[in-house]
Structures are given as structure tokens and as C-alpha cells.
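# Architecture and fold: a report
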Amino acid sequence: MTTLALTRTHFRYLLLENLRVPIAVGSAAIFPALSLLFFVVPFGYGDDSVAATSAVVQLAVFGVLSSFLFTFGVGVADDREHAWDPYVRTLPAAATPRIAGRLLTGFVFALIAIVPVTVVGAALTSATTTPLRFLAGLVAMLVAGLPFLLGGLTVGYSLPVKAALPVTQLIFFPLAFGGGLFLPPQLFPVWLQTVSQLLPSRGARDIVVWAVQGIAPSVLTVVAFAGWVVVTAALAGWAYRRDEGRRFR
Amino acid sequence: MTTDTAQRTPSDVGEQLVRPVATARGVIRRFGSTVALNGVDLDVVRGTITGLLGPNGAGKSTLLSLLTGLRRPDSGRVELFGGDPTDPGRRQRLGVTPQETGLPATLRVGEVLSFVSRHYPQPLPAGEVLERFGLTGLERRQCGGLSGGQKRRLAVALAFAGDPALVVLDEPTTGLDVEARRALWDGVRAYHDGGGTVLLTSHYLDEIEELAQRVVVIGAGRVLAEGDTASVRRLVGLSLVELRSDALPPLPGVVRDDVDGDRHRLHTADADLLVRDLVRSGAAFRDLQVRTASLEEAFLTLTEAAA
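Residues numbered from 1 in each chain as written. Chains lettered and ligands numbered in written order. Predicted model: local features only at pLDDT ≥ 70, side-chain atom pairs only at ≥ 80, totals over all residues. Heavy atoms only, no water.

## A few points about the UniProt feature "domain: ABC transporter" (unreviewed entry) in chain B
Put simply, the rule reads: UniProt positions are given in the numbering used here, feature names are shortened, and annotations may be inferred rather than shown by experiment. Every helix listed is a DSSP run of H or I at least four residues long, and every strand listed is a run of E at least two residues long, numbered separately from the N terminus.
The UniProt feature table records "domain: ABC transporter" (unreviewed entry) at residues 22–245 of chain B. The distance separating the terminal C-alpha atoms of residues 22–245 of chain B is 51 Å; by composition the span is 30% helix and 29% strand.

## Observations regarding a nonpolar patch on the surface
Residue and element names in this part refer to chain A. The criterion, for reference: To count toward a patch, a residue needs a relative accessible area over 30% and no salt bridge; like charges are then connected within 9 Å, while nonpolar side chains (Val, Leu, Ile, Met, Phe, Trp, Tyr) are connected within 5 Å. For the area figures, the Shrake-Rupley method with a 1.4 Å probe applies, and any residue is considered shielded solely by the protein chains shown. Basic side-chain nitrogens of Lys or Arg form a salt bridge, by our definition, when they fall within 4 Å of a carboxyl oxygen of Asp or Glu. Three exposure classes are used, based on accessible area relative to the maximum for each residue type with a 1.4 Å probe and protein chains only: buried under 20%, partly exposed in between, and exposed over 50%.
Together, Ile30, Leu34, Leu37, Phe38, Phe39, Phe43 and Leu124 make up a nonpolar patch on the protein surface, roughly 730 Å² of accessible area in all. When residues in the nonpolar patch are grouped by element, the largest group, five residues, is from helix H2 (residues 22–40). Mapped onto the elements, Phe43 comes out in the loop between H2 and helix H3 (49–81). A relative accessible area of 58% places Phe43 in the exposed class.

## Re the UniProt feature "transmembrane region" (unreviewed entry) in chain A
Residue and element names in this part refer to chain A. UniProt annotation of "transmembrane region" (unreviewed entry) refers to residues 21–43, 55–78, 99–122, 134–155, 167–187 and 207–240 when read in the numbering used here. Along residues 99–122, the helical share is 100% and the strand share 0%, with 35 Å between the first and last C-alpha atoms. Segment residues 207–240 splits into 85% helix and 0% strand. End C-alpha atoms: 28 Å apart.

## So, the interface of chain B and chain A
As a reminder, the rule being used: Whether two residues are in contact is decided by their heavy atoms, any of which lying within 4.5 Å being enough. A quick way to say it: buried area is the sum, across both parts, of accessible area lost when two parts are put together, with a 1.4 Å probe. Polar contacts, as counted here, are pairs of nitrogen or oxygen atoms within 3.5 Å of one another; within protein the pair requires one atom able to donate a hydrogen and one able to accept it, and residues that are adjacent in sequence qualify only if both atoms are side-chain atoms. Amino acids are sorted into nonpolar (Ala, Val, Leu, Ile, Met, Phe, Trp, Tyr, Cys and Pro), charged (Asp, Glu, Lys and Arg) and polar (every other residue, Gly among them).
Contacts between the two partners involve 32 residues from chain B, matched on the other side by 25 residues from chain A. When chain B packs against chain A, close to 2800 Å² is buried across both sides, 61% of that on carbon and sulfur atoms. Contact with chain A buries area across many residues of chain B, yet Leu70, Phe115 and His119 of chain B alone supply 26% of it, more than any other trio. When the shortest N-O distance is used, the salt bridge between Glu111 of chain B and Arg20 of chain A registers 2.8 Å. At the junction of chain B with chain A, the criterion picks out nine residue pairs in polar contact (both at pLDDT 80 or more). Elements with a contribution of two residues or more to the side of chain B that touches chain A: strand S5 (94–96) and helix H3 (109–117) of chain B. The biggest single contributor to the side of chain B that touches chain A is H3 of chain B, with five residues. Across the side of chain B that touches chain A, the residue classes break down as 14 nonpolar, ten polar and eight charged.

## Looking at the sheet that holds strand S2 (residues 34–44) of chain B
All names here are of chain B. To keep it simple, the criterion reads: Two strands pair under a simple rule: DSSP has to find at least two bridges between them. Only the stretch in contact is used when fitting a helix axis, every axis being a line fitted to C-alpha atoms; angles between N-to-C directions are given from 0 to 180 degrees.
On the basis of which strands lie adjacent, the open sheet formed by three strands has the order S2-S1-S4 and antiparallel pairing. On the outer flanks of this sheet lie S2 and strand S4 (75–80), each paired with one strand and no other. Within this sheet the neighbouring strands show an average axis-to-axis angle of 25°, counted without direction. Alignment of strand S1 (residues 22–31) against S4, held across five bridges, turns out to be antiparallel. Looking at the pairing, Ala22 lines up with Leu80 of S4.

This is the structure in C-alpha cells:
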């Protein structure tokens, strides 16, 4: 069995396992689209195509953020509590296919989470972009999601499900609001604009806006975002090793 | 992934036949301040059924987790097919049973089986595995909807899916009714008759006696005894003779005597002989009771004898 074939196997069955709980997939996908319908479409961004596009991008980033935080945070915590995970580790496969399969599953669910909001945005608002910028936006979305993927893994590997769920819910809303994923950050009071630039969610938003609309983010935002990626990567690595040490070393 | 198992020379094959399929040498494993294994040696000989017998918390599961590559020993050496069990290549001919409570609830029986089979170079056909464990017709059922017994059977079946040379079964029949237990034992015997090697744990002496040729008794992280089932039965199949007496003379065959006031609890391998000796000694006694010692009581005796 090659690593590639095994990765495909793990990916396929993780995907199946999760798709059979449609409510989990659906809610992550529907919330951004509903927000767009209720809070953007009726308020006449209609004519301002730049603002409408930003609004769609923001909510799509929100979809990725919540999808990553929940699949990697709550999902991993849940796996750790089931006896299936240690069993899978006794099968003749290294850790790579398992981890790669989980990452790919997370990417698919993130993609599913941004489809409805993109469709509603394209159909009902004046949001617009070119095919090339759209593709650039998808790639940027993966980069933008990194701190949430890694932060999710940190939560998932360090907390039991019962704690991981409220903790995730507690961080994701202020992050989303403060990062300007609901309201454009230009509407914030000055102090909140400063705080906002330091949040990973703001960096995530601005990077995707940059790719889709060509509006460059501030240096502070990019530096803070890079810092978050480094910090969450270190934390995720620490949490993973600590968990391995406790359960499997 | 290593390829050395696939490219064996004839001399290696000869060596493989005599070398145990799994070994532990002087293995110590701690969890914080608890010592789960305290210098354990074990050989699992090819083509045998070896039973690991011990009460809960004896260290059986920890030993299995070392042999299946889940954990590493703090000191000592563990080998699986002549190599490190944490190397995935060494686990290509190993089959393990998951705990049935952990089966992915939303996946179907056929899907779980196929997921596991894909990890092995030459898995058994799904139909054969399902039939052997009485799961035919359940392929399309989601695991979450199976009965307890069906889950247990699927969990055991997964250990055989990859056509392994060694199967490790941790408490395989816990929670099964008599009939299901018999069916499972038949499955294990059929695999053994075909040349397979089995390592199983149990805290039931009966189960080990039924299946294993060789028994390794584990208690408090140490190997207390090992041998064929008859000798282990003599060792742990103790009887308890309880009585009240103000002055009890020393009696032969008493492994241990728990005294509480005038109450004596005599542990012995032969209760009939002990009672005869007791009557012959002429000592005054009352409230005589004879019963079989539980495995836990027998282990307490063995553990103290070993300490």
C-alpha cells in the first residue's frame, strides 16, 4: 500500500463518515448564505459592487473560519474520545495518511461552506470578480484558514469534547465580528479598528479581499496574521505531542 | 514502509519459523507514578494460542498496546515479527480488535471492513470474513444500528480482515451470551487450525482454558506464572475453606490463611484433602464452608507470593 493510496482511503472514509451527518455540514454552509440574504441583500449595497464583493468575501471567510474551527477543534476532540482512533493506529500505516486524510476532509468541508454564500452573492448582489481573481481567492482562502485550522487542532488535541465545543463557540464569534467578517471594519470605531488589525480573522479577511479585489491590506495586519500562523502552529504541535505522550508514548 | 518482509530469503524463512512472532524482554512501562508493567518477559510462539490471564488493572492491555505499536516501553525491548512494532511495515501481518464501542457509527459494516482491508497487502475477501463471524447480510447496516453482539462480532472480524499471521484479541467475548461466545471460539480455533497464531487476554480462566495451550499469568505488572493450562489451573484454581476455630494447628496444603479473630480463610489447591486433614487433626472448629476462590482472590495470593 502506497502512502498516496492509503491517504485516499482515509480521506474517502472520513468524508463518508462526516457527510452522513448532514446537519453538521449544512449548518456551516447555510449560516454565511443566510447572513448575506438578511443583512446584505436588503440594505442596498446593490449598486456598490466593491462593497458587495467585500461583503460576500467576508462571509465566505467566516464560513471557512467556522468550518475549520469546528471540524478540527470539535472533530479531533471527538475522535480522541473514541476507541476507533487507537485501533486505526495499529493498522499497518504510518501517521501521514491519517493526518493528510483529515486535512483534505477539512478542506472539502470549507469548500462546501463557501459555495452557498458565493452563489447567493453572485445571483442577488452586484458582487463581481474575474475568473482568475476568483481562483486566486480560493487559494487565498486556504492560506487565510491556516490559523483557524491550527487553532482548531490545538483545541481538539488539548480539550475533551465537552470543553472543546463551548471553547470553540466562545472564540469564534468575537473573532468573526472583530475581524470584520460581519460588518466591514471601516464602520468600526477607531479603537476597534486597531484591535481588529491584530486579530487573525482580520488578516484572513484582508488577504482574501486582496486576492479577489486587489485591495492591499495594512502591513500591521499581515505581520500580525503571520505571527498568528507561527503561534498556532507551535501550539498545535505542542498539543499534539502532549496528547501522544499521554495516550500513546 | 519497509519492503524487507516482502523479500525474504530462504534462510530468513527458516529463522522466522523458530523465532517467536512477538516478544517482550524486561519491559517496564510507567504512567506517571503508576508502574503498569514491571519487568515483563513474553514469547508468543508461532502457531500457538497464548492466553494472557490476569485481573483488571494487571497490565494486560498495556502489554498489548506495546506489542501492537501503540506505545513504546520505558525500558526493555518489544519485538513484532523480528522488528519494532511502531514501524508500520511490521504490522502488515498483525490483526487487532478495536473496542466495539468505538466503531464509526455512521459507516456501514461493509465500509468499515473495506477500510481496514485496504491497509493490508493481501486481505481476505469481505464475504469470507463476514460469513466466518455470522455477519452475512449486514453489510449495508450502519455500525451505530448494530446490536451489542453484532458490534462485538464485527470488531473481532476486523482483526482477521487482513489475513494476518498473528491476531491479538483483548477480552474478545466480554458481554457476549453463551452461544455467541461459542461461535467466536470456533472462529478462533478455525484460524488456529489454519496455522494462525493468537494472543488473547481474558480475566476468565474458563475462556483461556477453552482456547489456549499456553497461559501467561499477569498480576500487578509482572508475570506471576506461565505454563500449560493444567498447571495454571492448579496454581490459580484455588479453593477457599472458611471456618471458625480458636486454635488451628498448621495444616499441609494451605497456600495462605487470612485470620480475623477466630475466623480463618484458608486458600488451598485441594479442599477435600484439607478438610480430611482438618478433621483428623482433632481441632475444634465450626461454621465450615467450602467454595471456589475467585480469580481475584487467587491472584492476591499469587501476587503476595511473588513479592
